[in-house]
Amino acid sequence: MQTLSNQEARQLSLASLGVNRGLKTIDQVIETLNLIQIDSVNVFARAHLMPVFTRLGNYDLAEFEGLAFGAGAKPTYLEYWAHCAALIPERDWKLFEFRRNEYLNKQSIQEILKPGNKTAQWVFGELRQNGAMTISEFEHDLNKRGSSWWGWSEVKVILERLVFAGVVVSAGRHNFQRKYSLNPSFGETSGLTKDQQIQALLVQAATSLGVATEADIADYYRLTRPTARPQLKQLVEQGALEIVEVDSWKDPAFIAPGLLSKPKADVSDQRPLKLVNPFDPIMWNRERTKRLFDFDYLIEIYTPEAKRKYGYYTLGLLYGDRLIGRVDLKHERKGRKLLVQSLWHENLTEAELTEITPWLKQELELAMTWVGAETLIPPTKGNWPLMAGLS
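This write-up is about the structure you can find in this document. (Residues numbered from 1 in each chain as written. Predicted model: local features only at pLDDT ≥ 70, side-chain atom pairs only at ≥ 80, totals over all residues. Heavy atoms only, no water.)

## Notes on the overall build of the protein chain
Scanning the protein chain from N- to C-terminus turns up 14 helices and 14 strands. Whereas a compact globule of 391 residues would reach a radius of gyration of roughly 21 Å, the protein chain reaches 22 Å, a difference of no more than 12%. In terms of overall dimensions, the protein chain has C-alpha extents of about 70 × 60 × 40 Å along its principal axes. A sequence separation of at least 24 residues applies to 62% of the contacts in the protein chain between residues at least 6 apart. Roughly 18,200 Å² of accessible area belongs to the protein chain as shown, and the carbon and sulfur atoms make up 50% of that amount. Side chains of the protein chain carry 47 positive and 47 negative charges; the gap between the two charge centres is 4 Å. (Helix = DSSP H or I, 4+ residues; strand = E, 2+ residues; numbered from the N terminus. Rg over C-alpha atoms; globule rule 2.2 N^0.38 Å. Contact = heavy atoms within 4.5 Å. Areas by Shrake-Rupley, 256 points an atom, 1.4 Å probe, with all protein chains shown as cover. Lys, Arg positive; Asp, Glu negative; His and termini not counted. Charge placed at Lys NZ, Arg CZ, Asp CG, Glu CD.)

## With respect to the sheet that holds strand β3 (residues 78-81)
With antiparallel pairing, three strands are arranged side by side in an open sheet as β2-β4-β3. The open sheet has two edge strands with one neighbour each: β2 (36-37) and β3. Looking at chain direction, β2 and strand β4 (residues 85-88) are connected through two bridges and run antiparallel. The residue of β4 that forms the bridge with Gln37 is Ala86. (Pairing = 2+ DSSP bridges.)

## Thoughts on the packing of aromatic side chains
Here a ring pair, both rings aromatic, is described through the centre-centre distance and the interplanar angle of the planes. Evaluated as defined, the whole model comprises 15 aromatic pairs. The interplanar angle of 55° and the centroid separation of 5.1 Å between the aromatic rings of Tyr220 and Trp284 together place this pair among those described as tilted. Of this pair, Tyr220 sits in helix α10 (residues 214-220) while Trp284 sits in the loop between β10 (273-276) and α12 (286-293), and the two are 64 residues apart along the sequence. In this structure, Tyr220 and Trp284 share a single accessibility class: buried. An aromatic cluster is present here, built from Tyr80, Trp93, Phe96, Tyr220, Tyr221 and Trp284 joined pairwise through their rings. For the cation-ring pair, Arg173 lies above Phe176, with the distance from its terminal atom to the ring centre recorded as 4.5 Å. The ring of Phe53 has Arg271 lying over it, and the distance from NZ or CZ to the ring centre is 5.1 Å. (Phe/Tyr/Trp six-rings, centres within 6.5 Å; stacked < 30°, edge-to-face > 60°. Buried < 20%, exposed > 50% of the residue type's maximum accessible area, 1.4 Å probe, protein only. Lys NZ or Arg CZ within 6 Å of the ring centre and 35° of its normal.)

## So, the pairing of strand β7 (residues 177-182)
The pairing of strand β5 (residues 133-134) with β7 spans two bridges and is antiparallel. Of the residues in β7, the one forming a bridge with Met133 is Tyr180. Here five bridges tie strand β6 (residues 168-174) to β7, and the two strands are oriented antiparallel to one another. Bridging from a neighbouring strand, Val168 pairs with Leu182 of β7. Here β6 folds back onto β7 in antiparallel fashion, the turn holding two residues, of which Asn175 has a positive phi close to 55°.

## Let's talk about helix α5 (residues 97-104)
Burial of α5 is extensive: six of the eight residues sit out of reach of the surface. Buried residues of α5: Glu97, Phe98, Arg99, Arg100, Tyr103 and Leu104, and no others. Where the residues of α5 are buried, they touch β3, α6 (107-113), α8 (154-165) and α9 (194-209).

## Comments concerning the sheet that holds strand β1 (residues 3-4)
Strands belonging to one sheet form pairs held by backbone hydrogen bonds; the direction of such a pair is parallel or antiparallel. With respect to topology, three strands assemble into an open sheet ordered β1-β8-β9, the strand pairing being mixed. The open sheet has two free edges, formed respectively by β1 and β9 (253-255), since each of these has just one partner strand. Sheet analysis places strand β8 (residues 242-246) next to β9, joined by three bridges and oriented antiparallel. Across the sheet, Glu242 pairs through a bridge with Ile255, a residue of β9.

## A short note on unusual backbone geometry
Outside of glycine, negative phi angles account for most residues, and trans bonds account for most peptide bonds. With a phi close to 55°, Asn20 is a non-glycine residue in the positive phi region. By the secondary structure assignment, Asn20 is in the loop between α1 (6-16) and α2 (26-33). Given a relative accessible area of 16%, Asn20 falls into the buried group. For Arg222, which is not a glycine, the phi torsion comes out positive at approximately 55°. The class for Arg222 is partly exposed, based on a relative accessible area of 37%.

## Observations regarding the nonpolar core
Within the largest apolar cluster, 118 residues are counted, with the highest numbers of intra-cluster contacts made by Phe44, Val211 and Trp384. For Val211, the residues in contact, after removing those within four places along its chain, are Leu4, Ala9, Leu12, Val244, Val246, Trp249, Ala253, Phe254, Ile255, Leu259 and Arg288. Of all hydrophobic cores here, the second largest spans six residues; its members include Val41, Val43, Ala47 and Ile301. (Core = buried A, V, L, I, M, F, W, Y, C linked by side-chain atoms within 4.5 Å.)

## Things to note about helix α13 (residues 350-371)
Over its 22 residues, α13 extends 31 Å from the first C-alpha to the last, a length consistent with the 32 Å expected when each residue adds 1.5 Å. Along its length, α13 reaches its greatest deviation from straightness, about 35°, at Ile356, and the proline Pro358 lies no more than four positions downstream. Those residues of α13 lying buried are Leu353, Ile356, Thr357, Leu360, Glu363, Leu364, Ala367, Met368, Trp370 and Val371. Within two residues after α13, Gly372 carries a phi angle of roughly 90°, on the positive side. (Expected span 1.5 Å × (residues − 1). Bend = angle between axes of the 7 residues up to and from the residue.)

## A closer look at the environment of Ala132
Tracing the sequence through the fold places Ala132 in the loop between α7 (118-130) and β5. The spacing of Ala132 and Arg173 is 41 residues in sequence and 9.8 Å in space, taken between C-alpha atoms.

## So, the side chain of Asp92
Inspection of the secondary structure puts Asp92 in the loop between β4 and α5. Residue Asp92 is classed as buried on the basis of its relative accessible area of 2%. Every residue in contact with Asp92, bar those within four places of it in the chain, is listed here: Asn34, Gln204 and Tyr221.

See the structure below:
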């Protein structure tokens, strides 16, 4: 069994996740990651927009909107509960058939599908008559915000449960509101067994992550470790995955065959420092991020403001193959300003700060242009003295 250093594992992982790989298109990013997590937080830029920016730089947001959410036509990517709510390639819809069936068999879904459920039958009737609809287009006394499921209305709860089960699908979005549609393919089967679906997902997860433990791979598509473990064993026996050891990792790691002979990420490109969203697979798993990068990241959205250390929604700063800091950005859209609300480095020396600060300035200016801001406001909080670099 081959042994890798943690740095080798880190570089293989970054390359597998599309960093410094010379990716040119949004499609190439999706094909590399196999999914992009969706999140509604929009203080800087929504989470699903960021992985493409990390890998491509300043790309066309309108193009992404068209591919992801339709923009007046059928979207290229599909939405499903892959790693939380996520965009996935259309080809992978069949791999989540087992998950849709599990939801479909839940009592809560079966109650919705009963002919006697008047609200659900009304929802079905509206979708049959009108086609794709956003939640705001359903006019019903029960389509009012309540106290359950994040304050969702009863109509919204019904629709979301039906999405989990595949009875209803997302037909794109308008102003980030999901457009619900009856699934014309509901009831069709993929021809794949549950084991085949799960194994395909595990191979994709391992391929995207590069070097990953059982827990890392299972987490990619939100599978349990007891579910993943016997399937990974079979994949190794079949030669679809190989096992390696990584220095300082207590658990063995899995890699795709031939990965070790492929080129590593090139850390000396024209953009050596990159912003990374916390919902990017580079750092969405706190334990893996700490193990791989020695970088402990905790999102502080749900932390009371007075107890936050770094900021509401900080992004990681990836320099070469290291996570070396975090920045809290806010896009003040009305004033067309990008506010650097706080900026922190991880124990960088003065020499390192001198080396990295120009690249950080370049990345922040690129981000400013990308979101359509015109003025970059320096930080007033943090341990990275960037004022001079932005004046």
